[in-house]
Amino acid sequence: MGDRSLETVYPHLVVLLILLVLPTIFFLRHNRISNRLFQQEHLLRNDEKKQCDFFSGRWVYDDHVSYPLYREANCSFLEFDTSFSCQRNGRRDLEYQKWRWQPFECDLPRFNGTVLLEKLRGKKLIFVGDSLNRNQWMSMLCLTESYLSPSSNKSITTTQSLFTFHASEYNATIGFYWSPLLVESNSDDPEDHRIKDRVIRINSIYKHARQWSDADILIFDSFGWWLEPTMTVLWGSFEKGSEEAIKVRVGMKHRRYEMALNTWSEWIEINVNPSRTRLFFMGFSPFHFYGESLRDLRNCYNATEPIKKRDYWGIATDIEMMKVLESILKKLEKQRGIQVQYLNISQLSDYRIDAHPSIYRKTPPNKNQLAYPLSFSDCAHWCLPGVPDIWNQILYSYLVIN
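A short tour of the structure in this document, coming up.

Reading the values: the criteria
Residues numbered from 1 in each chain as written. Predicted model: local features only at pLDDT ≥ 70, side-chain atom pairs only at ≥ 80, totals over all residues. Heavy atoms only, no water. Helix = DSSP H or I, 4+ residues; strand = E, 2+ residues; numbered from the N terminus. Phe/Tyr/Trp six-rings, centres within 6.5 Å; stacked < 30°, edge-to-face > 60°. Buried < 20%, exposed > 50% of the residue type's maximum accessible area, 1.4 Å probe, protein only. Core = buried A, V, L, I, M, F, W, Y, C linked by side-chain atoms within 4.5 Å. Disulfide = S-S within 2.5 Å. Pairing = 2+ DSSP bridges. Axes fitted to C-alpha atoms, helices over the stretch in contact; angles between N-to-C directions. Contact = heavy atoms within 4.5 Å.

**Regarding the environment of Glu-320**
Here is step 1: Mapping Glu-320 onto the fold places it in helix H6 (residues 319-336).
Here is step 2: In this structure, the C-alpha to C-alpha distance between Glu-320 and His-254, residues 66 residues apart in sequence, is 7.5 Å.

Pasting the structure below:
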């Protein structure tokens, strides 16, 4: 009789134990994540109190197993766009992956994808801009991938100019929206945008903005495309035969840039709730087609080490354009009460002449291009792993602080 009673009671005891153990496991896991968040935020707030400048520092060669932060072959997202897969595209010298950025007065917190994804739980983070912002977006996906469960769906969804990855276990979205000039232009197709005569609707941004207006975190960039000597500025519609349209061929790249940023800032003021949405603007990512002057023919081709000269500025980094952006951001904060965090990654990136794809591009060079590698080399974008990982470490620091 006793044995039968035990047989009857035993299943109920098992169920009871499961009900007691599962909440404990969940609590411990949640507590572990909360502790990580607290530790990261505590360390970062201490650095913040010291007013540490993340953007002033030097590149340090780090040959430990901790660098790079991920392996190119382990990032499945790079299958979506192999433009930044330099090793896969034939590059054999991989020393560019082993340099880490060391601020002079503090340490950058090491990237922790679990902490970031917890911060993004139920939220949407969108990069908005050109192919360099796409470069940074791909870096962010690679950084977070190893923190996702193996069963996670790692596919990217494309809706016209919007590319999104959704981490379902966190209900978090990390996306990229192609808008290289921020305002509308005839180069808004993410695939077909190599157009000789660029036309920009300098006062129009709503077609783009409605695609990312619901984001919780927005990271903007726009620089390289504004360097063209002249562009056509359009007031009115792109529709053929529009009688109201006015087109003017404009040089003055700084003035064009300022006009577009004013349109962007007006949209921000009217449509963004700063208590809900965090805003960032990336500094200009430098090109290395030349060195410090047009006579300095240093090119990223065959470069294997960073530039060692302290406070180096390449000729392609237009400091006057940087001042235009900084002025708009200051005005937005002082006059309109909206803070856009400016991540000034320009100079730290300018040292890294060695970290571009060069000839190791998505489309391999033909014989004629190999004969003139300087002209074929991509000295604008960045190999992954690489420099954009540092941009994201800095972005991560700001996100975790608050």
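**Structural notes on the packing of aromatic side chains**
Here is step 1: Tallied over the full model, the rule gives 25 aromatic pairs.
Here is step 2: Plain terms: the ring middles of Tyr-61 and Trp-99 are 5.3 Å apart, the flat faces sit at 70 degrees to each other, and that makes the pair edge-to-face. Linking Tyr-61 in strand E1 (residues 57-61) with Trp-99 in strand E2 (residues 99-103), this pair joins segments that are 38 residues apart in sequence.
Here is step 3: The class for Tyr-61 is partly exposed, based on a relative accessible area of 34%.
Here is step 4: With 5.3 Å between their ring centres and 85 degrees between their planes, Trp-264 and Phe-281 make a pair best called edge-to-face. Here the residue Trp-264 occupies a position in helix H5 (residues 253-271), and Phe-281 occupies one in strand E12 (residues 278-282), the gap between them amounting to 17 residues. For the pair shown, Trp-264 and Phe-281 are each scored as buried.

**Re the nonpolar core**
Here is step 1: Counting residues in each nonpolar core, the largest one holds 107 residues, and the members touching the most others are Phe-220, Trp-264, Phe-281 and Ile-394.
Here is step 2: Top element by residues in this core is helix H10 (residues 387-401). It accounts for nine residues.

**Here we look at the state of the cysteines**
In a disulfide, the sulfur atoms of two cysteines are held together by a covalent bond.
Here is step 1: For the structure shown, the criterion picks out four disulfides.
Here is step 2: Across the disulfide, Cys-52 is cross-linked to Cys-106 (sulfur-sulfur distance 1.9 Å). Because the sign of the S-S torsion sets the handedness, a value of about -70 degrees for the bond joining Cys-52 and Cys-106 places this disulfide among the left-handed ones. Taken together, the residues span a long stretch of sequence, with Cys-52 in the loop between helix H1 (2-49) and E1 and Cys-106 in the loop between E2 and helix H2 (113-119) at a distance of 54 residues. In this structure, Cys-52 and Cys-106 share a single accessibility class: buried.
Here is step 3: With a sulfur-sulfur separation of 2.1 Å, Cys-86 is cross-linked through a disulfide to Cys-383. Between Cys-86 and Cys-383 the sulfur-sulfur dihedral comes to about -95 degrees; the bridge is accordingly left-handed. Taken together, the positions of Cys-86 in the loop between E1 and E2 and Cys-383 in the loop between helix H9 (373-376) and H10 put the pair 297 residues apart, joining distant regions of the chain. Across this residue pair, the class does not change: Cys-86 and Cys-383 are buried.
Here is step 4: Numbered by position along the chain, the disulfide-linked cysteines of the protein connect as 1-4, 2-5, 3-8, 6-7.

**A look at the sheet that holds strand E3 (residues 124-129)**
Two modes of strand pairing occur in sheets, parallel and antiparallel, and in both the strands are linked by backbone hydrogen bonds.
Here is step 1: The mixed open sheet is built from seven strands, whose spatial order is E4-E5-E6-E3-E9-E12-E13. Two strands in the sheet have a free side with no partner beyond their single neighbour: strand E4 (157-159) and strand E13 (341-343). Taken pair by pair, the neighbouring strands of this sheet meet at an average axis angle of 20 degrees, ignoring direction.
Here is step 2: Bridge count for strand E5 (residues 162-167) against strand E6 (residues 172-178) is six bridges, and the pairing is antiparallel. Across the sheet, residue Phe-165 finds its bridge partner in E6, namely Ile-174.
Here is step 3: Strands in contact with H6 are E12 and E13; relative to E13, the strand with the most contacts, it is inclined by about 160 degrees.

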